[in-house]
There are 2 protein chains.
Amino acid sequence: MTINKSDKPGISPYLQVKQAILQQIRGGELKPGDLISGEEELALHFKCARVTAHRALRELAEEGVVVRKRKSGTRVAAPSARSTRFSIPLIDVEIRSAGHEYSYSLVKKSIIAPPDIVRVKLDLKRDTEALHIQCVHYASSQPYQFEDRWINLAATPNAAKAAFDNEGPNAWLLREVPWSDAEHILYAENAPEDRARLLDLTRGDAVFVLERRTWTADQTVTFVRLFHPGSTFRMRASRVGL
Amino acid sequence: MTINKSDKPGISPYLQVKQAILQQIRGGELKPGDLISGEEELALHFKCARVTAHRALRELAEEGVVVRKRKSGTRVAAPSARSTRFSIPLIDVEIRSAGHEYSYSLVKKSIIAPPDIVRVKLDLKRDTEALHIQCVHYASSQPYQFEDRWINLAATPNAAKAAFDNEGPNAWLLREVPWSDAEHILYAENAPEDRARLLDLTRGDAVFVLERRTWTADQTVTFVRLFHPGSTFRMRASRVGL
DNA sequence: CCAATTATTATGTATGGACATATTGATATA
DNA sequence: TATATCAATATGTCCATACATAATAATTGG
């Protein structure tokens, strides 16, 4: 029945356990593959309840630092399949937070049957029409992103009525479409003539492309390709564990 | 003292709560900004302990689906600052799992004072030498990645002795250096002459660059730029929540 | 009327005790 | 020997209860 409060002042016991283990791993005392003490033992060592040790280990497992298996125990994960979180902010937020002025211009808006490559991505039947939108996002009058988007009208009929004059389709979709899971693909390409012009580049200049497909429940809502000038655009993820 | 087992067979109560809330969000019944019932209320509704409801909400918060604030309550998160996990597998694993044969070739290995741009990234003093390694990773004899790496010898003195003949420096580092936090930067560029040749490309071809800086505890261990042919390389992240 | 103080409230965490479940290893059986 | 059964074990989850903490709302004093 001894409450903590004795070892360290403000830090929660489960965090203490977590940090202690992390430190051992970082310091090399625990190497990948090594077996970590069981929950019971940890609880004894750190003078806490088993559930508390359990939470520490569970969170480390969620973060990919350790691997847990019933009966076998907990081991330090092989740092092979690292993963990193990239945050993808709203374009206007991103631009403004970089200290630039955001502006937006609609290039094209039409309802047509998409080419097969897009049709497959949207999971549409042949000759089904979709909303096609092209627009450019500017940072202090410099083109920052060219957006080429297709919207499945079966999933969001309202989109056909939206103007997209002052607001980008992404902002509109976020407002109108409930929630969505997404798939992201990143790659680089040489800008063809038309895209180069829209981004104020020369034909052949490197372009950073972010492709995103979005679903609600079962339907594909939208497929978008976001093109950024390779010379200036950077996508960052800094991970400092704990 | 009523154990669950009545509502749904195998699914844990906390997952039931979690899924129920997720479904309401996905279905649009709960929109961004909406207030979710408090833990107490949820516990009552789902006939579970408050801790159970708490866990459901906590995990949803960790996943960025909801935002929690003491006294105020829990709200559906604005889907603005979305973030996605990209997994970055080991190069040889990546190539082999794509069904190709992996091979590796060392291009250059020297110990010199790095240029200022690199020096700053490695956080080294002026005129401090570092290990510079360049190598190419092949997928079925096609160049897949050109690796340009700098290693801080103060952090890993052993690296100077390593041959890197048969093994890439990344694999070596993962074995020798305990654990590490990393920063990632992605961008696109036009290949200069030398890089183009190494990747079997033409000067100016789009290249996808992954820049990574790695630390242990406080020291910068390594700074690496990984160059991929833009025409074939894709970086994927598919997120399907729950 | 504004500022400082004090409740109130919802989330955050800890504990001991209990049962659930997967997996391993030993044992018994065909 | 191969296979089925069962015990042991470490993780996984649940509960009731308790106290901690942050932020808002209410109250009080100047």
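No experiment lies behind these values; they were computed from the predicted model shown.

A. Structural detail: the overall build of chain A. Across its full length, chain A carries seven helices and 11 strands. At 25 Å, chain A has a C-alpha radius of gyration far larger than the 18 Å of a compact globule built from 242 residues. Considering only residue pairs separated by 6 or more positions, chain A has 57% of its internal contacts joining residues 24 or more positions apart. For chain A, the computed accessible surface area is about 12,700 Å², with 50% contributed by carbon and sulfur atoms. Charge separation in chain A, taken as the distance between the mean sites of 35 positive and 30 negative side-chain charges, equals 6 Å.

B. A look at the sheet that holds strand S3 (residues 73-76) of chain A. Residues and elements named next belong to chain A. Read across the sheet, three strands follow the order S1-S3-S2 without closing on themselves; strand pairing throughout is antiparallel. Looking at which strands have only one partner, the edges of the open sheet turn out to be strand S1 (35-36) and strand S2 (66-69). Relative to S3, S1 runs antiparallel, the two sharing two bridges. Along S3, the bridge assignment pairs isoleucine 36 with threonine 74.

C. Inspection of the relation of the copies chain A and chain B at higher detail. Once chain A is rotated about the relating axis by 180° and shifted along it by 0.1 Å, it coincides with chain B to within an RMSD of 0.1 Å. A rotation of that kind, with that shift, is consistent with a two-fold axis. Scanning chain A for the C-alpha nearest the rotation axis identifies Arg85(A), at a separation of 2.1 Å.

D. Structural detail: the environment of Ala61(A). All names here are of chain A. Inspection of the secondary structure assignment puts alanine 61 in helix H3 (residues 50-62). As for alanine 61 and glutamate 167, which are separated by 106 residues in sequence, their C-alpha atoms are 41 Å apart. With near-sequence residues (within four places) excluded, alanine 61 lies in contact with Val66 and Arg68.

E. Spotlight on the protein's contact with DNA strand D. DNA strand D sits among 25 residues. The nearest are Arg50(A), Arg68(A), Pro13(B), Tyr14(B) and Thr52(B). Within the contact set of DNA strand D, a sugar or linking oxygen lies 3.0 Å away from a side-chain nitrogen or oxygen of Arg70(A). Here a phosphate oxygen of DNA strand D sits 3.1 Å away from a polar atom, N or O, in the side chain of Thr74(A). For the surface near DNA strand D, the elements supplying multiple residues, two or more each, are H3, S2 and S3 of chain A together with helix H1 (13-27) and helix H3 (50-62) of chain B.

F. Broad picture of the protein's contact with DNA strand C. Around DNA strand C, a shell composed of 25 residues is seen, among which Pro13(A), Thr52(A), Arg50(B), Arg68(B) and Arg70(B) lie nearest. Close to the protein, within 4 Å, the atoms of DNA strand C are drawn from sugar and phosphate at a rate of 73%. Within the side chain of Thr52(A), one N or O atom sits 2.4 Å away from a phosphate oxygen of DNA strand C. Listing elements by their share of the surface near DNA strand C, those giving two or more residues are helix H1 (13-26) and H3 of chain A together with H3, strand S2 (66-69) and strand S3 (73-76) of chain B. Of the residues in the surface near DNA strand C, the class split is six nonpolar, six polar and 13 charged.

G. Inspection of the sheet that holds S3(B) at higher detail. Pairing in this open sheet of three strands is antiparallel, and the strands run S1-S3-S2 (chain B) from one edge to the other. The open sheet has two edge strands, strand S1 (35-36) and S2 of chain B, and neither has a second partner.

H. The arrangement of the interface of chain A and chain B in detail. Taken residue by residue, the interface counts 53 residues in chain A and 52 residues in chain B. Summed over both partners, the interface of chain A with chain B comes to about 5,100 Å²; 52% of that surface belongs to carbon and sulfur atoms. Of all residues in chain A, Arg82(A), Arg85(A) and Trp179(A) bury the most surface against chain B, accounting for 17% of the area lost on that side. The interface formed by chain A and chain B holds two salt bridges in total. Notably, a salt bridge pairs Asp181(A) with Arg26(B), separated by 2.8 Å at the nearest N-O pair. At the boundary of chain A and chain B, one finds 14 residue pairs in polar contact (both at pLDDT 80 or more). Of all the elements in the fold, those that place two or more residues in the side of chain A that touches chain B are H1, H3, strand S4 (82-88), strand S8 (181-190), strand S9 (206-216) and strand S11 (235-238) of chain A. Here the side of chain A that touches chain B gets 10 residues from one element, more than from any other, and that element is S8(A).

Rules behind the numbers
- Residues numbered from 1 in each chain as written.
- Chains lettered and ligands numbered in written order.
- Predicted model: local features only at pLDDT ≥ 70, side-chain atom pairs only at ≥ 80, totals over all residues.
- Heavy atoms only, no water.
- Helix = DSSP H or I, 4+ residues; strand = E, 2+ residues; numbered from the N terminus.
- Rg over C-alpha atoms; globule rule 2.2 N^0.38 Å.
- Contact = heavy atoms within 4.5 Å.
- Areas by Shrake-Rupley, 256 points an atom, 1.4 Å probe, with all protein chains shown as cover.
- Lys, Arg positive; Asp, Glu negative; His and termini not counted.
- Charge placed at Lys NZ, Arg CZ, Asp CG, Glu CD.
- Pairing = 2+ DSSP bridges.
- Least-squares fit on C-alpha atoms with pLDDT ≥ 70 in both.
- Near = heavy atom within 4 Å.
- Polar contact = N/O pair within 3.5 Å; in protein donor to acceptor, adjacent residues only side chain to side chain.
- Nonpolar A, V, L, I, M, F, W, Y, C, P; charged D, E, K, R; others polar.
- Buried area = accessible area lost by both parts, 1.4 Å probe.
- Salt bridge = Lys/Arg side-chain N within 4 Å of Asp/Glu carboxyl O.

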